[in-house]
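Each chain, letter by letter, is given below.
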Amino acid sequence: MISKQMQQEIAGSSAIRAMFLEGKEMAKKIGAENVYDFSLGNPMTPVPEAYNQAIIEAVQTETSLELHGYMDNAGYPETRQAIAQNLNQRFGTEFEFKHIVMTVGAAGALNVVFKTILDPSDEVLVLAPYFGEYRGYIANHQGILKEVKPDTSTFQPDLTDLEEKISEKTKAIIINNPVNPTGVIYSEETIKKIASILERKQKEYAHEIYMVSDEPYRELVYDGYKVPFLTKYYHNTFVTYSFSKSLSIPGERIGYIAVCPNMADCEQAISGLSVANRILGFVNAPSLMQKALIKCMDERTDVAYYDKNRNLIYETLTKLGFSCIKPQGAFYLFIQSPDPEEKKFVETAKKYHILLVGGTSFSCPGYVRLAYCVSYEMIERSLPAFQKLAEEYKLIPEESC
């Protein structure tokens, strides 16, 4: 018999993945072209050609031992140096290669950070709505998750609630920016206020409270918005990053942790991250991917592709009477459910072969998430179905009829 804990994990397995699999079954019955699957945040744009070429060049020029052998648990020094230099050029930071630890994606990075900083029953604050896997990552290391309410008019965090939730046991706060599932960017003003609150609470409780910046969508921003780089605002910050979205390589599982050079006990934190990488079983990040990254620091996927999708789906749905904030980044739309019970709305959408994910999965009931990292043509095909859905809920404004 498997563990009771794992039995609970299976029972609460990701609603996003479950919806994705349901879409596959639906496609078998009615044809893939008739299913409008907006459930999974799987990057749609092509991998930059320069990255593919960098992989080929690494295979052709590196020795087998150098390319496929073990290295320092923190990763190749030359890859870490390339990342440090890139961050310094872009954000005016002062990273050295030693401040960078290569990881198995952002998920691996978060687990490595929590393994390094959490003692049993330490509390980690998360800003609702949030990526549901945070629950598992925190629980993996015997931490306790505490939710902070959002201001649903803006989906910036409720800072009064944030301050009230910080306690003697608070060890960290996760800042996901841009946010999955809303697409909102936490503004510089918001970040400064959070940093100020944390500084006060660190003094009050006489121990470090870490900011863990989860940034897989950092490069996916629109309309000239900027994502604040958090080490510039708060010293006790770990930045966790994945190239999954910026290079469209989610299956390659490559990312990093950047440790603020001004962090308290910085050298000890870096040593802890390296050891955690090993004892969690990652050992090191994928070697080939590390080698390819060295020449691709400025490469990006086609953000304009997602922007085109964003504008079409947002403008159409709001004209049909659906309520949502226009996303500033990432590739998600967070729609207010026209049914007080969001699960009923999700089920109704299925009648028209539209697959959405309920906001309860993100600890924000009453909403649904739509992932528009799909083909533009699929969005166009889905629009009549959305119109029927809006008509069923009597949402369409009279002037649009």
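Note that the structure is predicted; figures quoted are calculated from it, not measured. (Residues numbered from 1 in each chain as written. Predicted model: local features only at pLDDT ≥ 70, side-chain atom pairs only at ≥ 80, totals over all residues. Heavy atoms only, no water.)

The strand order across the open sheet built from 3 strands is β11-β14-β13, with neighbouring strands paired in antiparallel fashion. The two strands at the open ends of the sheet, each matched to only one other strand, are β11 (332–336) and β13 (357–358). Here 5 bridges tie β11 to strand β14 (residues 367–371), and the two strands are oriented antiparallel to one another. Pairing of Leu333 across the sheet is with Leu370, part of β14. Packing against the sheet, helix α12 (residues 303–319) makes contact with β11 and β14, and its axis sits at approximately 10° to β11. (Pairing = 2+ DSSP bridges. Helix = DSSP H or I, 4+ residues; strand = E, 2+ residues; numbered from the N terminus. Contact = heavy atoms within 4.5 Å. Axes fitted to C-alpha atoms, helices over the stretch in contact; angles between N-to-C directions.)

Applying the stated criterion across every chain, the model contains 21 aromatic pairs. Ring plane angle 50° and centroid distance 5.7 Å describe the contact between Phe38 and Phe386, whose orientation is recorded as tilted. Of this pair, Phe38 sits in the loop between β1 (36–37) and α3 (49–61) while Phe386 sits in helix α14 (residues 376–392), and the two are 348 residues apart along the sequence. We note that Phe38, like Phe386, is buried. Chaining the aromatic ring pairs together yields one cluster made of Phe38, Phe322, Phe345, Phe386 and Tyr393. One cation-aromatic arrangement involves Lys291 over Tyr76; the distance from NZ or CZ to the ring centre is 4.2 Å. We note Lys308 situated over the ring of Tyr376; from NZ or CZ to the ring centre the distance is 4.3 Å. (Phe/Tyr/Trp six-rings, centres within 6.5 Å; stacked < 30°, edge-to-face > 60°. Buried < 20%, exposed > 50% of the residue type's maximum accessible area, 1.4 Å probe, protein only. Lys NZ or Arg CZ within 6 Å of the ring centre and 35° of its normal.)

Moving on, we get to the pattern of salt bridges. According to the stated counting rule, one finds 21 salt bridges in the structure shown. Put simply, Lys201 and Glu204 hold a salt bridge, and the shortest N to O gap is 3.3 Å. Here the residue Lys201 and the residue Glu204 both occupy positions in helix α9 (residues 188–205), the gap between them amounting to 3 residues, near one helical turn. Using a relative accessible area of 10% as the deciding quantity, one classes Lys201 as buried. Connected through salt bridges with shared partners, the residues Arg90, Glu215, Arg218, Glu219 and Arg300 form a single ionic network. (Salt bridge = Lys/Arg side-chain N within 4 Å of Asp/Glu carboxyl O.)

This part takes up the sheet that holds strand β2 (residues 100–103). Sheet architecture is open: 7 strands sit in the order β2-β10-β9-β8-β7-β3-β4, paired in mixed fashion. Pairing within the sheet leaves two strands with one partner each, and these edge strands are β2 and β4 (144–148). Adjacent strand axes in the sheet meet at a mean angle of 20°, parallel and antiparallel pairs treated alike. Note that strand β9 (residues 237–242) and strand β10 (residues 255–259) share 5 bridges and pair antiparallel. Its bridge partner lying in β10, Thr240 is registered against Ile257. The sheet contacts of helix α10 (residues 266–279) involve β2, β9 and β10, and relative to β10 the element is tilted by about 160°.

Among the 7 residues that make up strand β7 (residues 170–176), 7 are buried, leaving the element largely enclosed by the rest of the structure. Direction of pairing for strand β3 (residues 123–127) relative to β7: parallel, over a ladder of 4 bridges. By the bridge assignment, Leu125 is partnered in β7 with Ile173. By the bridge criterion, 5 bridges tie β7 to strand β8 (residues 210–214) in an arrangement that is parallel. Looking across to β8, one finds that Asn176 is bridged to Asp214. One crossover worth recording links β7 to the parallel β8 by way of α9, and it is right-handed. (Right-handed = clockwise from strand over helix to strand, strands pointing away.)

Another point: the nonpolar core. Note on soluble globular proteins: their nonpolar side chains tend to be buried together. Of all hydrophobic cores here, the largest spans 46 residues; its most connected members are Phe38, Ile354 and Leu370. When contributions to this core are tallied by element, the ones reaching two or more residues are α2 (15–30), α12, β11, α13 (342–351), β12 (354–355), β14 and α14. When residues in this core are grouped by element, the largest group, 8 residues, is from α14. Counting residues in each nonpolar core, the second largest holds 30 residues, with Val113, Tyr130, Tyr134 and Ile270 among its members. (Core = buried A, V, L, I, M, F, W, Y, C linked by side-chain atoms within 4.5 Å.)

Here 5 bridges tie β3 to β4, and the two strands are oriented parallel to one another. Paired with Val124 across the two strands is Leu145, which belongs to β4. As for the winding sense of the linkage, the β-α-β connection from β3 through helix α7 (residues 133–139) to β4 is right-handed.

For α10, with 14 residues, the first-to-last C-alpha span of 20 Å sits near the 20 Å given by 1.5 Å per residue. In this structure, the buried side of α10 is in contact with β2, α6 (105–117), β9 and β10. Downstream of α10 by a residue or two, Gly281 has a phi angle that is positive, lying close to 100°. (Expected span 1.5 Å × (residues − 1).)

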